[in-house]
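As a plain string of letters, each chain reads:
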Amino acid sequence: VQLQASGGGLVQPGGSLRLSCAASGSIFSINVMGWYRQAPGKQRELVAAITNGGITLYADSVKGRFTISRDNAENTAYLQMNSLKPEDTAVYYCTLGSSFVKYDYWGQGTQVTVSS
């Protein structure tokens, strides 16, 4: 299984970015696609996740600002990030798993920097 993440970059506070994660390979019954992030000196944390049935989970810090979606036919997940804050700065990793608490595959990470 391979995960290809894209869409990171530098954005000013209040701006928006959209991350994409395309999965390929021997994908069988992958239920959950999600995004984690890790800022310098901090632990990796779950940002958002979505089941193949469309049930979503968000970290409290991003609720109302980020939206996760997926295209099951294309095995692709998206993370729309609005009203970005400097504290959203991190490397964002896409992930695949069987549940909201068990992730088996990880992408290479994409840098998101929110700065003026």
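Residues numbered from 1 in each chain as written. Predicted model: local features only at pLDDT ≥ 70, side-chain atom pairs only at ≥ 80, totals over all residues. Heavy atoms only, no water.

J.: What is the right way to read the overall build of the protein chain from this model?
T.: The helix and strand tally for the protein chain stands at zero helices and 11 strands. Listing every helix and strand of the protein chain by position from the N terminus yields β-β-β-β-β-β-β-β-β-β-β. The C-alpha radius of gyration computed for the protein chain amounts to 13 Å, which stays within 12% of the reference 13 Å derived for 116 residues, consistent with globular compactness. Within the protein chain, contacts between residues at least 6 apart in sequence are counted, and of these 54% link residues at least 24 apart. If you sum the accessible surface of the protein chain, you get close to 6,000 Å²; carbon and sulfur atoms cover 47% of it. Looking at charge distribution, the protein chain has the averaged site of its 9 positive side-chain charges lying 3 Å from that of its 7 negative ones. (Helix = DSSP H or I, 4+ residues; strand = E, 2+ residues; numbered from the N terminus. Rg over C-alpha atoms; globule rule 2.2 N^0.38 Å. Contact = heavy atoms within 4.5 Å. Areas by Shrake-Rupley, 256 points an atom, 1.4 Å probe, with all protein chains shown as cover. Lys, Arg positive; Asp, Glu negative; His and termini not counted. Charge placed at Lys NZ, Arg CZ, Asp CG, Glu CD.)

J.: Would you mind going over the sheet that holds strand S3 (residues 17-24) with me for this structure?
T.: Sheet strands associate in pairs through backbone hydrogen bonding, adopting either a parallel or an antiparallel arrangement. The four strands are arranged S1-S3-S8-S7 in an open sheet whose pairing can be described as antiparallel. The sheet terminates laterally at strand S1 (2-6) and strand S7 (66-71), the two strands that pair on one side only. If you compare each strand with its neighbour and ignore which way they point, the axes differ by 15 degrees on average. (Pairing = 2+ DSSP bridges. Axes fitted to C-alpha atoms, helices over the stretch in contact; angles between N-to-C directions.)

J.: I tried to follow the side chain of Arg37 on my own but got confused; where do I start?
T.: You can see Arg37 is positioned in strand S4 (residues 32-38). A polar atom in the side chain of Arg37 sits 3.4 Å from the side chain of Ser61. In terms of polar contacts, Arg37 uses its side chain to reach the side chain of Tyr92, at 2.9 Å. With near-sequence residues (within four places) excluded, Arg37 lies in contact with Gln43, Arg44, Glu45, Val47, Ser61, Val62, Phe66, Glu87, Asp88, Ala90, Val91 and Tyr92. (Polar contact = N/O pair within 3.5 Å; in protein donor to acceptor, adjacent residues only side chain to side chain.)

J.: Is there a simple way to explain unusual backbone geometry in this structure?
T.: If a residue is not glycine, its phi is most likely negative; likewise, a peptide bond is most likely trans. Although it is not a glycine, Asn75 sits at a positive phi angle of roughly 50 degrees. Examined against the element boundaries, Asn75 turns out to sit in the loop between S7 and strand S8 (76-81). The partly exposed category is assigned to Asn75, whose relative accessible area is 30%. Its identity is not glycine, yet Ser83 carries a phi of approximately 50 degrees, on the positive side. Here Ser83 falls in the partly exposed class, since its relative accessible area comes to 40%. (Buried < 20%, exposed > 50% of the residue type's maximum accessible area, 1.4 Å probe, protein only.)

J.: I'm lost on the nonpolar core in this one. Help?
T.: Generally speaking, soluble globular proteins have nonpolar side chains that are buried together. Within the largest apolar cluster, 29 residues are counted, with the highest numbers of intra-cluster contacts made by Trp35, Val47, Phe66, Leu79, Met81 and Tyr92. Not counting residues up to four positions away in its chain, the partners in contact with Met81 are Gly15, Ser16, Leu17, Leu19, Arg65, Phe66, Tyr92 and Val112. (Core = buried A, V, L, I, M, F, W, Y, C linked by side-chain atoms within 4.5 Å.)

J.: Is there a simple way to explain the packing of aromatic side chains in this structure?
T.: If you walk through the whole model with that rule in mind, you get three aromatic pairs. Ring geometry for Tyr36 against Trp106: centres 5.1 Å apart, planes inclined by 65 degrees, an arrangement best described as edge-to-face. One end of the pair, Tyr36, is in strand S4; the other, Trp106, is in strand S10 (residues 102-106), with 70 residues separating them in the sequence. Taking relative accessible area as the criterion, Tyr36 reaches 16% and is therefore assigned buried. The class of Trp106 is partly exposed, set by a relative accessible area of 36%. The interplanar angle of 55 degrees and the centroid separation of 6.3 Å between the aromatic rings of Tyr103 and Trp106 together place this pair among those described as tilted. (Phe/Tyr/Trp six-rings, centres within 6.5 Å; stacked < 30°, edge-to-face > 60°.)

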